[in-house]
Amino acid sequence: MSRVSDSGASASLNQLTVNESHSAAPSVASKISDLSAEKQLHAENVRPVAAAAPRWWESKSLEDRPLDSKHGWAIVAAGCLMLMFSMGCVNSYGTYQTYYHQYKFPDEPVSTLSWVGTLQFGVMNFFGIPAGILCERVDTRLVSFVGGAIMAVALIVASFCDDAVWKLILTQGIVFSLGASLVFIPSTSIPSQWFTTRRALAVGIVVAGSGIGGLWLTPATQAMITHLGPGWALRITGIIIFAVNSVASLFMRSRLKVQSRDKVVDFSVFRDLRFIFVFIGAVCGTTGYFTPLFSLPTFAAQIGGKSDSFGNNLLTIINAASTVGRIGTGEVARYLGNINTMATCTLVSSLSILVLWLPFQATGTMIACAIVYGMFCGGFIGLLPVVMADLWGVQRISTIIGLLYMANFVGTMVGAPSSGAILDNIGHDSNFKPSIIFSGVFMLCAALFFYALRVAASKKLIERI
């Protein structure tokens, strides 16, 4: 009897538990349903936060644009035009220097007047870092437009400053080079973002603009000075620079938008052994680079007994060969590799100085030196930005190239004055061999550092890199 009673009680208890579970289920489900409805209502009321639109002065991402396209070649053409006038003015300063020394400032030493040209190239490289920072944070079209405007204003103001050398150093030298840096960095860095397979050729065409500018702007400047005077030559050149650069800058668009960062300049790249090799190689290369340009015409006149026109023709040959070399080596690099080609070009440049120029004084060897040196030193200059893009990518290419051009600044400020001092103090203005050896040895050291870069980049002896 008690067992029946216990089983009945147990059945009642189980039934009660089941009833409670059934009664509790709708309550829990109701709560879950209410919570889901509340979340859905909250999601409907909250709108996703859209990314902030770039401000009018910031770069806009164009990553959806295809690589190796017609737009990329338009940027190459624009960069070539911009370097044609910025670097062309630097290359043609010798025409102004001759006029200043003969007519305006005959009592001033040539070394003082040459500081205008030295600072044009040196300060342009010195401002490479801030120019690279601006290219990352500001629309590159605006950066290059402002650079062209500064160059134009500098030359126009310099046309009214012919009463003191220090005014020319300030305007035609320093201020002009400040504007040139804002043109030079975008022109040499942006094309790498738009190309992959033809990157070396594209950058080679851009940097060839400086050689093309040197070819025609030097005689054009001479003609303007002869018929109109140096003042109007500077003004006309400034107006042309502003007009051409204003149009060309419209195409100078960065393809990648660089994300903001805490560090304004990231010097961590100096912890990379490969960058150290490139940096030291660039210092050595630019240290020896200018001696043939500055001394070969004088050597032809004093030692070779040639006319001044022959010396100027040697410079024309160097500029023409450099133009061909900057384009041609870019195409050769497609098959041999950019680092291989750059190191070989630097090596041949050094050998042209030490083998063709140093031991001989004949007309044929001087012309051969001008052709070989011009062609292969053009490859050394043209491939440096391409190697930077290959090794460290195109995302930070502007600031990395800016850091690299600090090496060019050091080499420029050391090389040209040192070569002149060696000629004056050791060669006594008549023995060019010490300055020739100085130039050739530094170019040879640059080649060795570039070959060290080649080994650091790849241990394989035979590889396209």
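Procedures and definitions
Residues numbered from 1 in each chain as written. Predicted model: local features only at pLDDT ≥ 70, side-chain atom pairs only at ≥ 80, totals over all residues. Heavy atoms only, no water. Helix = DSSP H or I, 4+ residues; strand = E, 2+ residues; numbered from the N terminus. Areas by Shrake-Rupley, 256 points an atom, 1.4 Å probe, with all protein chains shown as cover. Phe/Tyr/Trp six-rings, centres within 6.5 Å; stacked < 30°, edge-to-face > 60°. Buried < 20%, exposed > 50% of the residue type's maximum accessible area, 1.4 Å probe, protein only. Salt bridge = Lys/Arg side-chain N within 4 Å of Asp/Glu carboxyl O. Axes fitted to C-alpha atoms, helices over the stretch in contact; angles between N-to-C directions. Parallel < 35°, antiparallel > 145°, perpendicular 65-115°, else oblique. Left-handed = near helix turned anticlockwise from the far one by under 90°. Contact = heavy atoms within 4.5 Å. Nonpolar A, V, L, I, M, F, W, Y, C, P; charged D, E, K, R; others polar. pLDDT = per-residue confidence, 0-100. Patch = residues over 30% accessible without salt bridge, like charges linked within 9 Å, V, L, I, M, F, W, Y side chains within 5 Å. Core = buried A, V, L, I, M, F, W, Y, C linked by side-chain atoms within 4.5 Å. Polar contact = N/O pair within 3.5 Å; in protein donor to acceptor, adjacent residues only side chain to side chain.

## Quick look at the overall build of the protein
Consideration 1: On a plain count of helices and strands, the protein comes out with 15 helices and 0 strands.
Consideration 2: Within the structure as shown, the protein displays about 21,300 Å² of accessible surface, and the carbon and sulfur contribution to it stands at 66%.

## Some words on the packing of aromatic side chains
Consideration 1: Inspection of the entire model under this criterion finds 21 aromatic pairs.
Consideration 2: The interplanar angle of 75 degrees and the centroid separation of 5.1 Å between the aromatic rings of Phe 121 and Phe 290 together place this pair among those described as edge-to-face. In this pair, Phe 121 is assigned in helix 4 (residues 110-126) and Phe 290 in helix 10 (residues 273-302), connecting sequence segments 169 residues apart.
Consideration 3: On the basis of relative accessibility, which here comes to 13%, the residue Phe 121 falls in the buried class.
Consideration 4: By relative accessible area, which is 9% here, Phe 290 ends up buried.
Consideration 5: On the basis of an interplanar angle of 80 degrees and a centroid distance of 5.7 Å, the ring pair of Phe 126 and Phe 127 is categorised as edge-to-face.
Consideration 6: According to the relative accessible area criterion, Phe 126 is partly exposed, its value standing at 39%.
Consideration 7: The exposure class of Phe 127 is partly exposed, given its relative accessible area of 24%.

## A short note on the pattern of salt bridges
Two side chains with opposite charge may pair up if their charged atoms get near one another.
Consideration 1: Under the counting rule described, the total for this entry stands at 6 salt bridges.
Consideration 2: The salt bridge involving Asp 163 is made with Lys 167; its shortest N-O contact spans 3.1 Å.
Consideration 3: Residue class for Asp 163 comes out exposed when judged on its relative accessible area of 52%.
Consideration 4: A relative accessible area of 24% means that Lys 167 is categorised as partly exposed.
Consideration 5: Glu 331 is the partner of Arg 334 in a salt bridge, and the nearest nitrogen-oxygen pair spans 2.9 Å. With Arg 334 and Glu 331 both in helix 11 (residues 308-336), this residue pair falls 3 residues apart, about one helical turn.
Consideration 6: Judged by relative accessible area, Glu 331 falls into the partly exposed class, the value being 24%.
Consideration 7: Here the salt bridges do not stand alone but share partners, grouping Arg 198, Glu 331 and Arg 334 into one network.

## Description of the packing of helix 5 (residues 128-137) against helix 7 (residues 165-193)
Consideration 1: Two numbers describe how helix 5 lies on helix 7: the axes approach to 9 Å, and their chain directions differ by 60 degrees. The angle between the axes of helix 5 and helix 7 places the two elements in the oblique class. In the crossing of helix 5 with helix 7, the sense of the turn from one axis to the other is right-handed. Facing Gly 128, Ala 131, Gly 132, Leu 134 and Cys 135 of helix 5, the residues of helix 7 in contact are Ser 181, Leu 182, Ile 185 and Pro 186.
Consideration 2: Looking at the contact of helix 5 with helix 7 residue by residue, the classes come out as 6 nonpolar, 3 polar and no charged.

## Some points on the confidence of the model for the protein
Consideration 1: Of all residues in the protein, 84% attain a pLDDT of 70 or more, and the chain-wide mean is 82.
Consideration 2: Confidence over residues 11-26 falls short of pLDDT 50; this stretch has 0 contacts with residues more than four positions distant or in other chains.
Consideration 3: Low confidence marks residues 39-51, where pLDDT is under 50. Its contacts with residues over four positions away, or in another chain, come to 0 contacts.

## Here's the deal with a nonpolar patch on the surface
Consideration 1: Nonpolar side chains collect at one region of the surface, where Trp 166, Leu 170, Ile 174 and Val 175 lie side by side and expose about 360 Å² of accessible area between them.
Consideration 2: A relative accessible area of 41% places Leu 170 in the partly exposed class.

## Regarding the side chain of Ser 435
Consideration 1: Within the secondary structure, Ser 435 is located in helix 15 (residues 433-457).
Consideration 2: For Ser 435, a relative accessible area of 1% gives the class buried.
Consideration 3: Discounting residues that sit within four places of it in the chain, Ser 435 has contacts with Thr 291, Ser 419 and Ile 422.

## Thoughts on the environment of Val 116
Consideration 1: Here Val 116 is to be found in helix 4.
Consideration 2: By relative accessible area, which is 1% here, Val 116 ends up buried.
Consideration 3: Here the alpha-carbon distance between Val 116 and Leu 168, two residues 52 residues apart in the chain, equals 7.0 Å.
Consideration 4: Once residues within four sequence positions are removed from consideration, Val 116 is found in contact with Tyr 93, Leu 168, Ile 169, Gln 172 and Gly 173.

## Focus: the nonpolar core
Consideration 1: Judged by nonpolar contacts, the single largest core of 109 residues is most densely connected at Tyr 100, Phe 176, Phe 275, Met 388 and Leu 453.
Consideration 2: Considering every element that reaches this core, the biggest residue donor is helix 13 (residues 363-392), with 14 residues.
Consideration 3: Ignoring any residue separated from it by four or fewer positions in sequence, one finds Phe 275 in contact with Val 269, Phe 270, Met 388, Trp 392, Ile 400, Leu 403 and Leu 404.

## A closer look at the environment of Ser 458
Consideration 1: With respect to the secondary-structure elements, Ser 458 resides in the segment after helix 15.
Consideration 2: Apart from residues no more than four positions distant in its own chain, Ser 458 is found in contact with Glu 463 and Ile 465.
Consideration 3: Here the side chain of Ser 458 touches Glu 463 through a polar contact of 2.3 Å, side chain to side chain.

## With respect to the packing of helix 10 against helix 14 (residues 397-425)
For any two helices packed against each other, the geometry comes down to the angle between their axes and how far apart the axes lie.
Consideration 1: Contact geometry of helix 10 with helix 14 gives a least axis separation of 7 Å together with a crossing angle of 40 degrees. By the criterion of interaxial angle, the relationship of helix 10 to helix 14 is oblique. Considering the relative orientation of helix 10 and helix 14, their crossing is right-handed.
Consideration 2: Residues belonging to the contact of helix 10 with helix 14 are distributed by class as follows: 15 nonpolar, 9 polar and no charged.

## Here's the deal with the environment of Ala 202
Consideration 1: Positionally, Ala 202 belongs in helix 8 (residues 199-228).
Consideration 2: The class for Ala 202 is buried, based on a relative accessible area of 0%.
Consideration 3: Ala 202 sits 125 residues away from Ile 327 along the chain, and the two C-alpha atoms are 8.1 Å apart.
Consideration 4: If we skip the residues at most four places from it in the chain, Ala 202 touches Trp 73, Val 76 and Phe 195.

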